[in-house]
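This is what each chain is made of:
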Amino acid sequence: MTATLTAPPQLNRKKQGKPKQNREAILLFLPALLPVLILSVYPLIRGIALGFTNARAGLHVESKFVGFDNFAKLLHNNLFWDSFRIGVIWTLSVTILQFVAALGLALLLNTDLKFRGVARTLALIPWAMPPVVVAIMWRLLLHPTNGPVNEILQKLHLTDHPINFLGDFSTALPAVIVVGIWVGMPMTTVTLLAGLQGIDRTLYEAAAVDGAGAWSQFWYITLPQLRTVIVAITSLDMIWNFNSFGLVYVLTAGGPGGKTMLPMLFAYNEAFRYGNFGMAAAMGDVMVVIIILFLFFYLRNRLRSEA
Amino acid sequence: MRTRPTTRVLQYVAVLAYLVFLGFPLLWLISSSLKSPQEFASITPSILPKHVEFSNYSDALTEQGLIRGLGNSLQISIYSTILVLIVALPVSYALARFRSRLRPLTNGWILVSQVFPVILIVIPLFMILRPLHLTNTIPGVVIVYMVWSLPFALWMLQGYVAAVPRELEEAASVDGASRLRTIVSIVMPLLRPGLIATAMFTFISAWNEFFFALVLLQDPQLKTLPLVLARFVGAEGQVQFGPLAAASVLATVPSLVFFAFLQRRLTSGLLSGAVKG
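Residues numbered from 1 in each chain as written. Chains lettered and ligands numbered in written order. Predicted model: local features only at pLDDT ≥ 70, side-chain atom pairs only at ≥ 80, totals over all residues. Heavy atoms only, no water.

1. Observations concerning the overall build of chain B
For step 1, the next point in the chain: When helices and strands are counted, chain B shows 13 helices and zero strands.
For step 2, the next point in the chain: If you list the helices and strands of chain B from N to C, you get α-α-α-α-α-α-α-α-α-α-α-α-α.
For step 3, the next point in the chain: Out of the 277 residues in chain B, the part that is buried amounts to 54%.
For step 4, the next point in the chain: Looking at chain B alone, contacts between residues at least 24 apart form 72% of all its contacts between residues at least 6 apart.
For step 5, the next point in the chain: When the accessible surface of chain B is totalled, it reaches about 12900 Å², and 68% of it is carbon and sulfur. (Helix = DSSP H or I, 4+ residues; strand = E, 2+ residues; numbered from the N terminus. Buried < 20%, exposed > 50% of the residue type's maximum accessible area, 1.4 Å probe, protein only. Contact = heavy atoms within 4.5 Å. Areas by Shrake-Rupley, 256 points an atom, 1.4 Å probe, with all protein chains shown as cover.)

Shown next, in the form of structure tokens:
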């Protein structure tokens, strides 16, 4: 009797509850909705679409749909493919080397060494610095005549003449990659460290009882346990590195002779130096496709090996 | 853990190597900012300045563009941080508490906005803001920063909201408090650490931002600090390294102060975002 009496109202409340919750949620979303739609969602879509037009800079310039014209032109633009090749070398080298260096540091910070606090703080500093300042700082460090790096190399007799790291065809890209590693290490280290601290200690104890050495503990416990964190942070690093701009813009501006012309810098010049908005957007489209394909394969392989 | 002495020594050597790699560049920048022009010109640079001089700082600060850049950066960063907090708080509350259809949409947007190269976004942004007369203005840059630091702010705050026990809110609603009242007087005070952390991240990312500012601000009067610094470098021939180093140190100070303040919470904050978000 009581059951039949109380059941209907409960059902009712359930039916009303959903729409009411949704209405409340929408109200809470409202202040964000308009700016996000106008300044993020719309530009994203418009940006993709721009790649299929011949839009140019200027206030009253007509632009029209040109289909795949821009992409056809890009296909024969060797400079663009050069910058793409440089972008891929940059992205992979920075991401991989940064990961290895950060993993090493995270492992060290996860032990009971002294100076851990100091090391942790120092490790985080590059993160807080404006990329422009990082670039200026490294220009001072790598300066051919009064930079300390050249000074040290000469003292150690590793070179007999000062090297113009950022101005030399053969050293510019490696030098820029080193700076890229320096900048990105904190984020990667902190993330990996957080992952390390989440690993169950008893796993190591059990392994030690079974006679596993440090190396096999690392190989059979640490790495597999960290897999999700590793996949997440390397994917993000790859995206960030591929899309990075300010650092290299101030370090070399793409020079010398285009040796460090990352795709973003190339597209930026196309858009804001030459005013070819449509063409620059097409380059952006190609970049998106590449990133998505790359992530797709990377994540699929990772996830498959996990299963 | 029993660690052999040789391993221990190797570990310290490795830590030291990391510290040098990460710390030396900064040390050099600071030391450069304290060197006299004569010492700068010397062919054998020393790590620490022989005579500490602050003339580079006064030189940098008398530079007109630099002070203005500092002021512009400060204004833009503060305004966009306030806006982000106002907008992000209700949204992250809704994301953490309601299972509405907006949730997967928002998370999808957060992801997409990370993957897209900014060049694709900045051109349409430029085309949208220009007819509204918002290019080349501080409000224009502020709203752009607001929207573009929102994903990370939402991602962070969501985790903090989810950590606030639901029971507290239920108790308040039993006592007859409205949803708004509950958010303002129960959830917000508990969220203070999360709000502070989010505010700092937003401030630093606005303070450090370069690309959007480069495209949207052409007027020399409005240029932010990173733009002013980057222009100094561009004129390599006559560039004065001392004042440039001093200005660079000054540009890093706010981030470092915030950082020192935040350092403790950082690891746990990131983790809570990662687990709950």
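Alright, that's what it looks like, and here's the rest.
2. Points about the confidence of the model for chain A
For step 1, the next point in the chain: Predicted confidence across chain A gives a mean pLDDT of 84, with 91% of residues reaching 70 or more.
For step 2, the next point in the chain: Every residue in residues 1-17 of chain A is under pLDDT 50, and counting partners more than four places away or in other chains gives zero contacts. (pLDDT = per-residue confidence, 0-100.)

3. Details of the interface of chain B and chain A
For step 1, the next point in the chain: Facing 87 residues of chain B, the contacting portion of chain A comprises 89 residues.
For step 2, the next point in the chain: Together, the buried faces of chain B and chain A total about 7900 Å²; carbon and sulfur atoms form 80% of this surface.
For step 3, the next point in the chain: Along the contact surface separating chain B from chain A lie zero salt bridges.
For step 4, the next point in the chain: Applying the counting criterion to the chain B and chain A interface returns eight residue pairs in polar contact (both at pLDDT 80 or more).
For step 5, the next point in the chain: At 16 residues, the largest contribution of residues to the side of chain B that touches chain A is made by helix H1 (residues 5-33) of chain B.
For step 6, the next point in the chain: Along the lines of polarity and charge, the residues of the side of chain B that touches chain A split into 67 nonpolar, 14 polar and six charged. (Buried area = accessible area lost by both parts, 1.4 Å probe. Salt bridge = Lys/Arg side-chain N within 4 Å of Asp/Glu carboxyl O. Polar contact = N/O pair within 3.5 Å; in protein donor to acceptor, adjacent residues only side chain to side chain. Nonpolar A, V, L, I, M, F, W, Y, C, P; charged D, E, K, R; others polar.)

4. Let's talk about the UniProt feature "transmembrane region" (unreviewed entry) in chain B
For step 1, the next point in the chain: Here the UniProt-annotated "transmembrane region" (unreviewed entry) positions come out as residues 12-30, 76-96, 108-132, 138-157 and 241-262 of chain B.
For step 2, the next point in the chain: In residues 108-132 of chain B, helix accounts for 80% and strand for 0%; the two terminal C-alpha atoms are 29 Å from one another. (UniProt positions renumbered as here; feature names shortened; annotations may be inferred.)

5. Concerning the environment of Gly 278 of chain A
Residue and element names in this part refer to chain A.
For step 1, the next point in the chain: Its location among the elements puts Gly 278 in helix H12 (residues 277-306).
For step 2, the next point in the chain: Gly 278 sits 84 residues away from Ala 194 along the chain, and the two C-alpha atoms are 43 Å apart.
For step 3, the next point in the chain: If we skip the residues at most four places from it in the chain, Gly 278 touches Leu 50, Gly 51, Thr 53, Ala 55 and Asn 70.

6. So, the UniProt feature "domain: ABC transmembrane type-1" (unreviewed entry) in chain A
For step 1, the next point in the chain: Under the feature "domain: ABC transmembrane type-1" (unreviewed entry), the UniProt entry names residues 84-298 of chain A.
For step 2, the next point in the chain: Secondary structure within residues 84-298 of chain A divides into 75% helix and 0% strand; the distance between the first and last C-alpha atoms comes to 19 Å.

7. A look at the packing of helix H3 (residues 78-109) of chain A against helix H7 (residues 172-197) of chain A
Residues and elements named next belong to chain A.
For step 1, the next point in the chain: It is the contact of H3 with H7, at a shortest axis distance of 6 Å, that shows an interaxial angle of 45°. Here H7 runs oblique to H3, going by the angle between their axes. As for how H3 packs across H7, the hand of that crossing is right-handed.
For step 2, the next point in the chain: For the contact of H3 with H7, the class distribution of residues is 21 nonpolar, six polar and no charged. (Axes fitted to C-alpha atoms, helices over the stretch in contact; angles between N-to-C directions. Parallel < 35°, antiparallel > 145°, perpendicular 65-115°, else oblique. Left-handed = near helix turned anticlockwise from the far one by under 90°.)

8. Here we look at the confidence of the model for chain B
Residue and element names in this part refer to chain B.
For step 1, the next point in the chain: Of all residues in chain B, 88% have pLDDT values of 70 or greater, and the mean over the chain is 83.
For step 2, the next point in the chain: Confidence, read as mean pLDDT per element, is least for helix H13 (residues 241-276) in chain B (68) and greatest for helix H11 (residues 211-216) (93).
For step 3, the next point in the chain: Scored below 50 in pLDDT, residues 267-277 makes 16 contacts in the model with residues more than four places away or belonging to other chains.
For step 4, the next point in the chain: With pTM at 0.85, the complex prediction returns an ipTM value of 0.85.

9. With respect to the UniProt feature "transmembrane region" (unreviewed entry) in chain A
Residues and elements named next belong to chain A.
For step 1, the next point in the chain: As annotated in UniProt, the feature "transmembrane region" (unreviewed entry) corresponds to residues 25-45, 88-109, 121-141, 172-196 and 271-299 in the numbering used here.
For step 2, the next point in the chain: In residues 25-45, the share of helix is 100% and the share of strand is 0%. The end C-alpha atoms are 25 Å apart.
For step 3, the next point in the chain: The straight-line gap between the two end C-alpha atoms of residues 172-196 is 35 Å; of that span, 100% is helix and 0% is strand.

10. Focus on the domain arrangement of chain A
All names here are of chain A.
For step 1, the next point in the chain: Assigned domains of chain A: these are domain 1 (89-259) and domain 2 (262-306).
For step 2, the next point in the chain: Summarising the inter-unit geometry, the C-alpha centres of domain 1 and domain 2 are found 23 Å apart.
For step 3, the next point in the chain: In this assembly, 17 residues from domain 1 lie in contact with 14 residues from domain 2.
For step 4, the next point in the chain: In total, domain 1 and domain 2 occlude about 1500 Å² of area from one another, counting both sides; carbon and sulfur atoms represent 78% of this.
For step 5, the next point in the chain: Its largest share of buried area at the contact with domain 2, domain 1 owes to Arg 227, Phe 242 and Phe 245, together 38% of the area lost on that side.
For step 6, the next point in the chain: On the surface where domain 1 and domain 2 come into contact, there are one residue pair in polar contact (both at pLDDT 80 or more).
For step 7, the next point in the chain: Counting only elements with at least two residues in the side of domain 1 that touches domain 2, the list comes to H3, helix H9 (214-242) and helix H10 (246-251).
For step 8, the next point in the chain: With eight residues, the single largest contributor to the side of domain 1 that touches domain 2 is H9.
For step 9, the next point in the chain: Classifying every residue of the side of domain 1 that touches domain 2 gives 11 nonpolar, five polar and one charged. (Domains from an automatic or database assignment.)

11. Some thoughts on the domain arrangement of chain B
Residues and elements named next belong to chain B.
For step 1, the next point in the chain: As assigned here, chain B comprises domain 1 (5-55) and domain 2 (59-264).
For step 2, the next point in the chain: A C-alpha centroid distance of 32 Å is found between domain 1 and domain 2.
For step 3, the next point in the chain: Of the residues lining the interface, six residues belong to domain 1; the matching set on domain 2 comes to seven residues.
For step 4, the next point in the chain: Note on domain 1 versus domain 2: buried area summed over both sides is about 550 Å², and carbon and sulfur give 76% of it.
For step 5, the next point in the chain: Applying the counting criterion to the domain 1 and domain 2 interface returns zero salt bridges.
For step 6, the next point in the chain: The tally of links between domain 1 and domain 2 comes to one residue pair in polar contact (both at pLDDT 80 or more).
For step 7, the next point in the chain: For the side of domain 1 that touches domain 2, the element with the most residues is H1, which contributes four residues.

12. A closer look at helix H3 (residues 55-62) of chain B
For step 1, the next point in the chain: Among the residues of H3 of chain B, those classed as buried are Asn 56, Tyr 57 and Ala 60 of chain B. What you see down the axis of H3 of chain B is that its buried residues fit within an arc of 100°, all on one side. (Arc of directions from axis to C-beta.)

13. Some details on the pattern of salt bridges
For step 1, the next point in the chain: What the rule picks out here adds up to two salt bridges over all chains.
For step 2, the next point in the chain: Residue Lys 155 of chain A is joined to Glu 151 of chain A by a salt bridge in which the shortest nitrogen-to-oxygen separation is 2.9 Å. Of this pair, Lys 155 of chain A and Glu 151 of chain A both sit in helix H6 (residues 148-155), four residues apart, which is roughly one turn of that helix.
For step 3, the next point in the chain: Look at Glu 151 of chain A and you get buried, because its relative accessible area is 13%.
For step 4, the next point in the chain: A salt bridge links Glu 169 of chain B to Arg 97 of chain B, with the shortest nitrogen-to-oxygen separation between them at 2.6 Å. With Glu 169 of chain B in helix H8 (residues 166-174) and Arg 97 of chain B in helix H4 (residues 64-97), this residue pair connects regions lying 72 residues apart in the sequence.
For step 5, the next point in the chain: A residue is classified by how much of its surface remains accessible, and Arg 97 of chain B, at 8% relative accessible area, is buried.

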